[in-house]
Structures are given as C-alpha cells and as structure tokens.
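One letter stands for each residue in the lines below.
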Amino acid sequence: RSWNSGVAGGAGSPEELTALALALYGPTGEEGTTAAVRERETGDLKESLSEPEIAIWQLHERYLLAPIRGGLVIVDQHAAHERILYEEARANLYGGAGASQVLLFPKVVDLTPAELDALLLLEPHLKRLGFEISLFGERQVAVRGVPAGLSEDAALGSLQSVLASVDTLGEGGEPPEEHIAKTFACHAAVRTGQILNPVERRALVDRLFGTSLPHGDPHGRPTYVRVTMEELDRR
C-alpha cells in the first residue's frame, strides 16, 4: 500500500494508523516501549482500582492487596508513600510552599551545634515543606507547625533526618532540593508494621496512582507488583 493511499487517503485500518502515529511521534527504542507499556498499565490499574467496591486489604502490616481485572495488585505501603511524599516535596521545594498544620502545643527540640547550623542553612527549604520553626533558646527550637497530613512523630523524625544529612548535601552534583525531598520522604513515609485503616489504604493507593511515576520509589525500588490470573493459576 502506498503512503498516500494508506494515510492521506484514509484507507489504513485504525490499528495501522495507531502504529504509524506511534512510529512517527511516540518514544522510540526499548526505553520508549517500556514507557508506553507502563503508561498503559498505569491507566488500566487506575481504572480498575477506581471502582468503589474494590476492597483493599493489608497483609502483615506491610503490603496492600487489591483485586483488579485479570488478577491482583500488591503494593508496598512504605515505598508507595515514599513516592507520594517525594513528588509532593519536590513540588513544594521548586514551587509554592506546602500546607502546614499548626501543633496544639509547640514541640521544643534540643539541637546539637551541628544541627542548629543545619537548621539555619535549610530553614527556607523546611518552610516550603510546611515546617514552622522558631528559635526558643540557645540551642533549642520550637516546632509550631509540621507538613499537613503527617503525624507529629513522623514529621519530627523526618526533620531530624534532614538535618542529620546536611553533610551529604550536594554530593554528586545533586541539587539540594532533590536531596532534601528524598530524605524527607524516606523518613516521613508510613513504616512497615504500621496499621492502616480502610480509608487510609484507599487514599494511599489512589494517591500512588496519581503520581507521575507510580512504578517505583525515589530510589528505584518497585512500589507494586501486578500478578495475573494466569500466573496464579500456574502456581
């Protein structure tokens, strides 16, 4: 079939035209193919999991399981939440500031001289994440607000980790915002062993598949595994 008859003349089948469009405008090579497959898979999973009657179970306080069309999806709750928090942190650090939730009673924290120096250096970044911190004494600070959506313990733990990691800031040419986002997300995410109620499970899965790259956490570890009925039948 000639070019004119197949495309300009409209004689090509929808499948042929789709293939041609992908060849002309879509990603090329193995990376492009993988990206296209992942995009289709993400869309399929989002559509399947969006059905409100789909139950999401928690297994050993570590994995979330949900039935989907054609099989089962298993989500690592920590890796998934880390991906969510990482993307939110990057958006806040590079753009507008994140929302802060005011603590009913400010938390007074003792700092080492090194931690105080790190706090003064990173204060603008921490404010963008949603922290509200003020000096309280010679080596004390009062944490008056933490990033919205986090428990007080998780927020304070992530703050301590970010301050402790200041020595590695900028290693390998990595922008400070990237380093802070990764450190914050890793230590603020829900942990293995943490019980999630049904609403929290649903919210975590929905937020994961609302990210730009739901397939892995910031370190490249998979966030979920999809198991087909064929594989289950074989096993």
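The rules behind the values
Residues numbered from 1 in each chain as written. Predicted model: local features only at pLDDT ≥ 70, side-chain atom pairs only at ≥ 80, totals over all residues. Heavy atoms only, no water. Core = buried A, V, L, I, M, F, W, Y, C linked by side-chain atoms within 4.5 Å. Buried < 20%, exposed > 50% of the residue type's maximum accessible area, 1.4 Å probe, protein only. Helix = DSSP H or I, 4+ residues; strand = E, 2+ residues; numbered from the N terminus. Contact = heavy atoms within 4.5 Å. Pairing = 2+ DSSP bridges. Axes fitted to C-alpha atoms, helices over the stretch in contact; angles between N-to-C directions. pLDDT = per-residue confidence, 0-100. Expected span 1.5 Å × (residues − 1). 1 Å grid on protein atoms, 1.4 Å probe; cavity = no way out; pocket = protein on both sides within 12 Å on 5 of 7 lines; lining within 4 Å. Points joined across faces, edges and corners; volume = space filled by probe spheres on them. Nonpolar A, V, L, I, M, F, W, Y, C, P; charged D, E, K, R; others polar. Lys, Arg positive; Asp, Glu negative; His and termini not counted. Salt bridge = Lys/Arg side-chain N within 4 Å of Asp/Glu carboxyl O. Parallel < 35°, antiparallel > 145°, perpendicular 65-115°, else oblique. Left-handed = near helix turned anticlockwise from the far one by under 90°.

Undergrad: Would you explain the nonpolar core in this entry?
TA: Soluble globular proteins tend to pack their nonpolar side chains together in the buried interior. Judged by nonpolar contacts, the single largest core of 30 residues is most densely connected at L119, L126, L129, F131, I133, L163 and F184. For this core, the secondary-structure elements that each account for two or more residues are α4 (77-94), α5 (113-129), β6 (140-147), α6 (152-164) and α7 (176-188). At six residues, α5 tops the list of elements feeding residues into this core. Leave out the neighbours within four places in its chain, and L163 touches L111, E115, A118, L119, L122 and L126.

Undergrad: Can you walk me through the sheet that holds β6 in this structure?
TA: In a beta sheet, neighbouring strands pair by backbone hydrogen bonds and run either parallel or antiparallel. Spatial strand order, β4-β6-β5: three strands in an open sheet with antiparallel pairing. Strands with a single pairing partner mark the edges of an open sheet, and in this sheet they are β4 (100-110) and β5 (132-135). On average, adjacent strands in this sheet sit at an angle of 20 degrees to one another, irrespective of strand direction. Each of β4, β5 and β6 is contacted by α5, which is oriented at about 150 degrees to β5, the strand it contacts most.

Undergrad: Is there a simple way to think about the confidence of the model for the protein in this case?
TA: Caution applies to low-pLDDT regions: their predicted coordinates should not be interpreted in detail. Residues at a pLDDT of 70 or more form 85% of the protein, whose mean pLDDT is 85. A low-confidence stretch, residues 1-11 (pLDDT under 50), is modelled with 14 contacts involving residues beyond four sequence positions or located in other chains. Note on residues 17-28: pLDDT is under 50 here. Beyond four places in sequence and across chains, it has five contacts.

Undergrad: I tried to follow α6 on my own but got confused; where do I start?
TA: Residue pairs three or four apart in sequence face the same way in an α-helix, which turns once every 3.6 residues. Along its 13 residues, α6 runs 18 Å from first to last C-alpha, staying within 8% of the 18 Å computed at 1.5 Å per residue. For α6, the complete set of buried residues consists of A154, A155, L156, S158, L159, S161, V162 and L163. Against the buried residues of α6 lie β4, α5, β5, β6 and α7.

Undergrad: Would you explain empty space enclosed by the protein in this entry?
TA: In this approach the atoms are scanned with a rolling probe the size of a water molecule, which exposes any empty space left behind. Under the definition given, this model contains one cavity of 30 Å³ or more. Computed from the structure, the largest cavity encloses a volume of approximately 30 Å³. Around the largest cavity sit L119, E123, L126, K127, F131, E132 and I133, which together line it. For the lining of the largest cavity, the secondary-structure elements that each account for two or more residues are α5 and β5. Among the elements that take part in the lining of the largest cavity, α5 stands out by supplying four residues, more than any other. Of the residues in the lining of the largest cavity, the class split is four nonpolar, no polar and three charged.

Undergrad: Looking at this structure, I do not really get the side chain of E115. What am I missing?
TA: Following the sequence through the fold, E115 ends up in helix α5. One buried charged residue, E115, remains without a salt bridge, the closest side chain of opposite sign being R139 at 7.8 Å. Apart from the residues lying within four places of it in its own chain, the contact partners of E115 are D110 and L163.

Undergrad: How should the packing of α5 against α7 be read in this particular structure?
TA: The relative placement of two packed helices comes down to the angle between their axes together with the axis-to-axis distance. Contact geometry of α5 with α7 gives a least axis separation of 11 Å together with a crossing angle of 55 degrees. Here α7 runs oblique to α5, going by the angle between their axes. In this structure, α5 crosses over α7, and the sense of that crossing is right-handed. Across from L122, H125 and L129 in α5, the residues of α7 making contact are E177, I180 and F184.

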